[in-house]
Amino acid sequence: MANGETMAVAGNQVRVSESGTLLGRSVDVAYDAENKMVYIAEAGNDSGRILDFSNVSAGGNIAPTFNSTLASTSLGHLED
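The rules behind each value
Throughout, residues of each chain are indexed from 1 in the direction in which the sequence is written. Only residues with pLDDT of at least 70 get local features here, since the model is predicted, and only at 80 or more are side-chain atom pairs given and counted; chain-wide, interface and lining totals rely on the full set of residues. Side-chain figures throughout are based on the complete set of non-hydrogen atoms in the structure, without hydrogens or water. Two strands form a pair only when DSSP identifies at least two bridges running between them. Secondary structure follows DSSP: runs of H or I at least 4 residues long count as helices, runs of E at least 2 residues long count as strands, and numbering of each begins at the N terminus. Angles run from 0 to 180 degrees between N-to-C directions of axes, and those axes are lines fitted to C-alpha atoms, restricted for helices to the stretch in contact. What we call a nonpolar core is a set of buried Ala, Val, Leu, Ile, Met, Phe, Trp, Tyr and Cys residues that are connected through their side-chain atoms within 4.5 Å. Note on exposure labels: buried denotes an accessible area under 20% of the residue type's maximum, exposed denotes more than 50%, and partly exposed covers the range between, all computed with a 1.4 Å probe on protein chains only. It only takes one pair of heavy atoms within 4.5 Å for two residues to be counted as in contact. The convention is simple: Lys and Arg are positive, Asp and Glu are negative, and His and the chain ends are not counted. One side-chain nitrogen of Lys or Arg within 4 Å of one carboxyl oxygen of Asp or Glu is enough to make a salt bridge.

### Details of the sheet that holds strand β3 (residues 49-53)
Inference 1: Read across the open sheet, the four strands follow the order β1-β2-β3-β4; overall the sheet is antiparallel. The two strands at the open ends of the sheet, each matched to only one other strand, are β1 (26-32) and β4 (66-69). Across the sheet, the mean angle from the axis of one strand to that of its neighbour is 15°, orientation sign disregarded.
Inference 2: Across five bridges, strand β2 (residues 37-42) lies against β3 in antiparallel orientation. Paired with E42 across the bridge in β3 is R49.

### A short note on the nonpolar core
Inference 1: Core analysis: the largest hydrophobic core is formed by five residues, namely V38, I40, L51, F53 and I62.
Inference 2: Excluding residues within four positions of it along the chain, L51 makes contact with T21, L22, L23, V38, Y39, I40, E42, P64, F66 and N67.

### Digging into the side chain of D52
Inference 1: Inspection of the secondary structure assignment puts D52 in strand β3.
Inference 2: Of the side chains with opposite charge, R49 comes closest to the buried, unpaired D52, at an N-O distance of 13 Å.
Inference 3: If sequence neighbours within four positions are ignored, D52 has contacts with M37, V38, Y39, P64, T65 and F66.

### Considerations on the environment of S57
Inference 1: Structurally, S57 can be placed in the loop between β3 and β4.
Inference 2: When the C-alpha positions of S57 and R15 are compared, they lie 8.8 Å apart, and in sequence the two are 42 residues distant.

### Looking at the pairing of β2
Inference 1: The element β2 is largely enclosed, with a buried count of five among its six residues.
Inference 2: Relative to β2, β1 runs antiparallel, the two being bridged by six bridges. Each bridged residue has a counterpart across the sheet, and for D32 the counterpart in β2 is M37.
Inference 3: The turn linking β1 back onto β2 is made up of four residues, and K36 within it adopts a positive phi angle of 55°.

Below is the structure:
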């Protein structure tokens, strides 16, 4: 979706954005419904991070509950 657009899922969307989130270029997202956690693989900050949010229902400029660096990988070898 383009920046600022809204998904057509009325009542089921919370926007998490701004600098405190550490989000930049997310490459994968998983939701754990039992524990109400969102896990995000991030490639845009410091070569890669795993971010975990336990408070996404608040929305806005929230900090991740868990933040750990993760070495990124390259698909360049597949282009040969």
